[in-house]
Amino acid sequence: MTRRIPDIDVVRGLALAGLPLVNLALTFGDGFPAPDPVSSFIYDNLVYQRFLTIFCFLFGVSFALILESASRRAPRPRLLLVRRLAALFAIGVFQALALDGNLQLAVYAVLGLAALLPLSYLPRRYVLLAGLALVAASMPITELDPQSHGSPVKVLLEWSGLLALGYSTVQYGLHNGLERHGRRLAVCLTAATALAVLSIALQPDTGTIQGAVLAEAGLLATSAAYVLGTLLLLRTRAAAALTAFLAPIGRMALTCFLTQAAAAVAFAALVDVRDWNYAALTFGGTAILITAQSLACTLWLRRFRYGPVEWTWRCATELKRVPMLREHSSHAVG
């Protein structure tokens, strides 16, 4: 089996760490306090959809890594992926019906079957072109309300493109040897940051085609800057602390994603937060939740190879009971 890639676990942990900043307010709905101007600016320009974009891209990365691993050990690797996506769809339906109504996982599963699986038969250059074309096609679609959940067509095009680009990243081997490409990462980070700052400075009108394109480019650039900045930090003395905090969350991403949803639903049912301070609740609450998850995941992974949901997902994929205890571990792609 393929060895885990710590950098990917860290970036996945980063994505999970940012998702509650958005999902907490969505769970509470109208019962969530209104943001102050500073918090609103931070949320609109630095948070909204940024971490979801990273999470979606990484799903494509994981798809490619798992197909790569399955191709070495299974006679029909894509059949294994079909079972994996079917199991993810079931988990997504459970989340939508029993937790917070979020269909994100179910949509990933459907797009994996409808888009990524067919693309996996094509040469890598066509996968890359398809990803770029899908994202490009989503960008001119206008949105009169920038804080809506987004046009369904825009969302599906963009998510399909991000999945394909994540898959293409592995096909081109860009996930390997990142430690040798510090200068290239720095150049890309500078370009992404410049585009993100330009979009923030201009505050484009997403109700126009030109504004929608610039706003979406800025959003994607911000997400890219977060990823590139994290990868560069992993080349510094901050690497050990960053890995210790984020990698356990990344290794148990599905468990953490569902427990975040469960925690938000339970909190919304028990506490009236209308008069609370928005910044303290959103940013402080997220910090507390992510710190607790990091600690819990670290302790869990000392004994077990997988998170509980990851283990269930893997068993459903393999159609057998896979070893769970740490003493039977062999590092594998999650």
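Going by the structure above, here's the rest.
Only a predicted model underlies this, so the values are computations on that prediction, with no experimental measurement involved.

Reading the values: rules and limits
- Residues numbered from 1 in each chain as written.
- Predicted model: local features only at pLDDT ≥ 70, side-chain atom pairs only at ≥ 80, totals over all residues.
- Heavy atoms only, no water.
- Salt bridge = Lys/Arg side-chain N within 4 Å of Asp/Glu carboxyl O.
- Helix = DSSP H or I, 4+ residues; strand = E, 2+ residues; numbered from the N terminus.
- Buried < 20%, exposed > 50% of the residue type's maximum accessible area, 1.4 Å probe, protein only.
- Phe/Tyr/Trp six-rings, centres within 6.5 Å; stacked < 30°, edge-to-face > 60°.
- Lys NZ or Arg CZ within 6 Å of the ring centre and 35° of its normal.
- Expected span 1.5 Å × (residues − 1).
- Core = buried A, V, L, I, M, F, W, Y, C linked by side-chain atoms within 4.5 Å.
- Contact = heavy atoms within 4.5 Å.

This part takes up the pattern of salt bridges. Side-chain pairs of opposite charge can arise whenever the charged atoms involved come near each other. Inspection of the entire model under this criterion finds five salt bridges. A salt bridge links Glu318 to Arg73, with the nearest nitrogen and oxygen atoms 3.1 Å apart. Taken together, the residues span a long stretch of sequence, with Glu318 in helix α14 (residues 308-318) and Arg73 in helix α4 (residues 50-73) at a distance of 245 residues. Taking relative accessible area as the criterion, Glu318 reaches 18% and is therefore assigned buried. In this structure, the salt-bridge partner of Glu216 is Lys154, at a minimum N-O distance of 3.8 Å. Note that Glu216 is positioned in helix α10 (residues 209-233) and Lys154 in helix α8 (residues 152-171), a separation of 62 residues in sequence. Classification of Lys154 as buried rests on a relative accessible area of 5%.

Two aromatic rings, taken as a pair, are described by how far apart their centres are and by the angle between their planes. Applying the stated criterion to the full structure yields 13 aromatic pairs. Note on Phe51 and Tyr226: the rings are 5.3 Å apart at their centroids and 15° apart in plane angle, and the pair reads as stacked. Note that Phe51 is positioned in helix α4 and Tyr226 in helix α10, a separation of 175 residues in sequence. Its relative accessible area of 11% is what places Phe51 among the buried residues. An aromatic cluster of at least three residues, connected via ring pairs, comprises Phe28, Phe32, Phe267, Trp276, Tyr278 and Phe283. The ring centre of Tyr121 lies 4.1 Å from the NZ or CZ of Arg78, which sits over that ring. Sitting over the face of the ring of Trp313, Arg84 holds its NZ or CZ atom 3.7 Å from the ring centroid.

Another aspect to go through is α4. With 24 residues, α4 should cover 34 Å at 1.5 Å per step; its first-to-last C-alpha distance of 36 Å lies within 8% of that length. In terms of burial, α4 is largely enclosed, as 19 of its 24 residues are buried.

Turning next to the nonpolar core. Membership of the largest hydrophobic core comes to 86 residues, with the highest contact counts inside it found for Leu16, Phe32, Leu88, Leu105 and Tyr108. Residues in contact with Leu16, not counting those within four places in the same chain, are Phe55, Ile249, Ala253, Cys256, Phe257, Gln260 and Ile290. Phe304, Tyr306, Val322 and Met324 belong to the second largest nonpolar core, which has five residues in total.

Moving on, we come to unusual backbone geometry. With phi around 45°, Gln203 is a residue other than glycine that occupies positive phi space. The residue Gln203 is located in the loop between α9 (182-202) and α10 in this model. Of note in the backbone geometry, Leu319 takes a positive phi value of approximately 60° without being a glycine. On the secondary structure map, Leu319 appears in the segment after α14.

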